[in-house]
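These are the residues of each chain, in order.
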Amino acid sequence: MFSRILALIIKELEMLLQDRQSRTILIVPVFLQLALFPFAATLEVKNNTLAVYNEDSGRESIELMQRFSQAQAFTRLLALHNEAEVRRTIDNQRALLVLRFPPDFSRDVAAGRSPKVQAILDGRRSNSGQIALGYVQQIINDYTDERLESQQKTPPSALVTRYWFNPNLDYVWHILPCLVAIITSISTLIVTALSLAREREQGTLDQLLVSPLTPGMIMLGKIIPAILVAVVQATIILLGAIFVYRVPFVGSFVLLYSSMVFYSLALAGFGLLISSICATQQQAFLGIFSFLMPAILLSGYASPIDNMPAWLQYLDWANPFRHFIVIVKGLFLKDIGLGTMLHSLYPLLLIAIGTLGAANWLVRRRLG
Amino acid sequence: MNVHMSAPVSFRRLRALCRKETWQILRDPSSNIIAFALPVVMLFIFGYGINLDSTAVNLGLVLEDKSPEARRFADNLYGSPYLNVHTARSQAEIEQALTDGRVRGFVVVPVDFAQKVKRPNDTASLLVVADGSEPNTASFVQNYVSGAWNGWMQQRADERGEKLPARISVEPRFWFNPAAESRNYLIPGSITIIMTVIGALLTSLVVAREWERGTMEALLASPVTRTELLLSKLLPYYALGIVSLFLCVGVAALLMRVPFRGSLLMLWVIGSLFLASSLGLGLLLSTVLRNQFNAAQAALNAAFLPAIMLSGFLFEIHSMPAVIQAVTYLIPARYFVTAMQTLFQAGNVPPVLLHSGMFLVAAGSFFIGLTALKTRRRME
């Protein structure tokens, strides 16, 4: 039996690596994504344009403008001179944020009153706007604190903030563990779902079925190559993350690779389930896609799962990405042990059992 | 067969080819599901699932000091609508909760907090720890705790008849989106992702399928010209895409109440340009790879992932390094995201739409032109 499955696995791997085109498509995108996405996927605000409409001509507003121009978030400072320019700048997205200093701003600061600066933000990019606004507020606070310090007053209390697991809130540390899960998923799903659909479309599935192989063995012959491909691709991303991007890996590799097997099994389960209800490669592909799109977007990499409504959080429980991302991130940054990992591992196991069981049942029913 | 290459388009032949292609689309339930049912389901999932406006964050609190002053500060945390406060007995307990992800941050009020607050020349420090593995949430934790802390400082100063030192405040105004709701720009952005799927993914398979099944040879032996062949692949999928686009916009605007301030004519123009470029990309992959299995993978990698990561739908393009920004210029989804966000929220802003439209024309001509070129090579 094992030699039969082994023969199937070897055949499947030969199919996957048969020509240059197929090999290229399996490996090159991994490198491209590893090179592009960690830099792209950031909610930090950098290199943006800040526009200032300064109706004040005093020392204080000019001092603040100089401080803004030194911030990493704003590399360009745009001076505006009237309201029409403010409108045009926001409409045409020439700046993320316009600050407007009122005419008596400097006088108010000097007199110890509390002046207001107006910030006009582009609602089309309100999240970036809010983050940039946070930077602006911080710069203004630091400026005020320095002024107060020179007046010698001890504040009664102060907040000391520490960010654990990622002291500088580096986005790359968050995104790379997520990419391990996302990038490997595509090949795993394609290898399971599409290759079974291809066999069906080309008629080779019938040949397999009249052979002494059982449907379970045929499925194993798809699952194991998928896991192998996932492990190889994940290793590439891991090496890139650790050696190129210098994300610290503090956890255990044994735990990581064993959880990866569970993750691939859960994904392969979805892949086989999709292919068991599809007749053609096109249907299987669209099926993969219908699963992949919500699964990736609701995985917690794009926006926190805590922000979702409760019903969607329950539904998202069946999403393998969500659990695996917690594991990979935990192993990378938090050094979680087996105990903590189990909370995310047992859902993966249940998903795998559920999807593989359902796929097996559907395949048998179609045959019978 | 080169004789037919320069022949003009025969509308009779084109109509027949289009009819065959349309039948093929309509016969297959999967393309109908992807064009009409999936967009609506997706919009709802996106509309509710992707939310960058942090709702209540789980925060741990360790009160080592049980004095009235410390409790008053704690009451400010409990009172914050943005924080879900869980009191812990020890710091060790809450550290474990942070590692497990049950809380996203915690605050420690030290034993000598009240004493230090009272002493005039001393500053009582409060420790705020946030989970940096979720950077966006971590900064929200910091903001919310500091908001509650400011409230407490203000209360204390008011009661003692003191005036807090004058601070400069920043008053934000969000144009187009006064409540700064992220769904108002994420939903228009996710329509782009859905259109990418319909445009590039469906077409990536069509020509490859003809090659795989051997029907391409039959077509090539017929008097069909290159232009007719390409148009017969483009037009039916264009029709499918544009109907789906209007369906998405209808659902977003009418059911999900995302304000739509642009004109439907502009939506049609920009939508058609975007569809042309993504249909072109899909056909190009299909023509070059001639293999459904590989074309499917290539379409996911060349259209879907870039549309999510590099289009500006979620991640600000200006914040990316210059090299990556240069790459985003090659991704049609980028222009469609900008145009859709503008059409929905700001209305018809000519410079933005013109800029996006021009790049989409360039991208569309590039992909379709290249496909035409590759098709001729293959036919010769």
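What counts and what doesn't
- Residues numbered from 1 in each chain as written.
- Chains lettered and ligands numbered in written order.
- Predicted model: local features only at pLDDT ≥ 70, side-chain atom pairs only at ≥ 80, totals over all residues.
- Bend = angle between axes of the 7 residues up to and from the residue.
- Helix = DSSP H or I, 4+ residues; strand = E, 2+ residues; numbered from the N terminus.
- Buried ≥ 20, exposed ≤ 12 C-beta atoms within 10 Å, placed from the backbone.
- Contact = placed C-beta atoms within 7 Å.
- Expected span 1.5 Å × (residues − 1).
- Nonpolar A, V, L, I, M, F, W, Y, C, P; charged D, E, K, R; others polar.
- Pairing = 2+ DSSP bridges.
- Core = buried A, V, L, I, M, F, W, Y, C linked by C-beta atoms within 7 Å.

Asker: Mind showing me how you'd approach helix α2 (residues 29–49) of chain B here?
Answerer: One full turn of an α-helix is made of 3.6 residues, so residues set three or four places apart face in the same direction. The principal kink in α2(B), of about 45°, is found at B:Leu38, preceding the proline B:Pro39 by one to four residues. Along α2(B), the residues that are buried comprise B:Ser30, B:Ser31, B:Ile34, B:Ala35, B:Leu38, B:Pro39, B:Met42, B:Leu43, B:Phe46 and B:Gly49. On the buried face of α2(B), the contacting elements are α11 (281–297) and α12 (310–315) of chain A together with α1 (11–27), α7 (183–213) and α9 (226–255) of chain B.

Asker: For this particular structure, what's the right way to read helix α11 (residues 292–309) of chain B?
Answerer: All names here are of chain B. Taking 1.5 Å per residue as the helical rise, α11 with its 18 residues ought to reach 26 Å, and the 24 Å between its terminal C-alpha atoms agrees with that figure. Of all the bends found along α11, the most pronounced is centred on Leu300 and spans about 30°. Burial within α11 is extensive, with 18 of its 18 residues counted as buried.

Asker: Looking at this structure, how should I read the interface of chain B and chain A?
Answerer: Many authors give the size of an interface as the accessible area that is lost as the parts come together. Tallying the contact residues gives 94 residues for chain B and 96 residues for chain A. Top element by residues in the side of chain B that touches chain A is helix α6 (residues 135–159) of chain B. It accounts for 11 residues. Residue composition of the side of chain B that touches chain A, grouped by class: 53 nonpolar, 32 polar and nine charged. Relative to strand β4 (residues 124–131) of chain B, strand β5 (residues 157–164) of chain A is paired through eight bridges, and the arrangement is parallel. Bridging across to β4(B), A:Ser157 finds its partner in B:Ala124.

Asker: Would you take a moment to explain the pairing of strand β4 (residues 116–122) of chain A for this structure?
Answerer: Looking down a regular strand, the side chains alternate between one sheet face and the other. Residues and elements named next belong to chain A. Counting buried residues along β4, five of its seven residues qualify, which places the element largely inside the surrounding structure. With four bridges joining them, strand β3 (residues 97–101) and β4 adopt antiparallel strand pairing. Bridging across to β4, Leu97 finds its partner in Leu121.

Asker: Which parts of the structure should I look at to understand the nonpolar core?
Answerer: Buried together is how nonpolar side chains tend to be arranged in soluble globular proteins. Core analysis: the biggest nonpolar cluster contains 193 residues, and A:Leu97, A:Ala193 and B:Ala299 have the highest contact counts within it. Every residue in contact with A:Ala193, bar those within four places of it in the chain, is listed here: A:Gly271, A:Leu272, A:Ile274, A:Ser275, A:Ala284, A:Gly287 and A:Ile288. Grouped together as the second largest cluster of nonpolar side chains are 32 residues, B:Leu59, B:Val103, B:Ala114 and B:Ala148 included.

Asker: I would appreciate a short explanation of unusual backbone geometry in the present structure.
Answerer: Most peptide bonds take the trans form, and the phi angle of most residues other than glycine is negative. All names here are of chain A. Backbone geometry places Gln93, a non-glycine residue, at a positive phi of 55°. Following the sequence through the fold, Gln93 ends up in the loop between α4 (83–91) and β3. Overall, Gln93 belongs to the buried group, with 20 C-beta atoms counted inside 10 Å. Phi at Phe165 takes a positive value of approximately 70°, unusual for a residue other than glycine. Mapped onto the fold, Phe165 is located in the loop between β5 and α7 (171–202). Its 23 C-beta neighbours within 10 Å are what place Phe165 among the buried residues.

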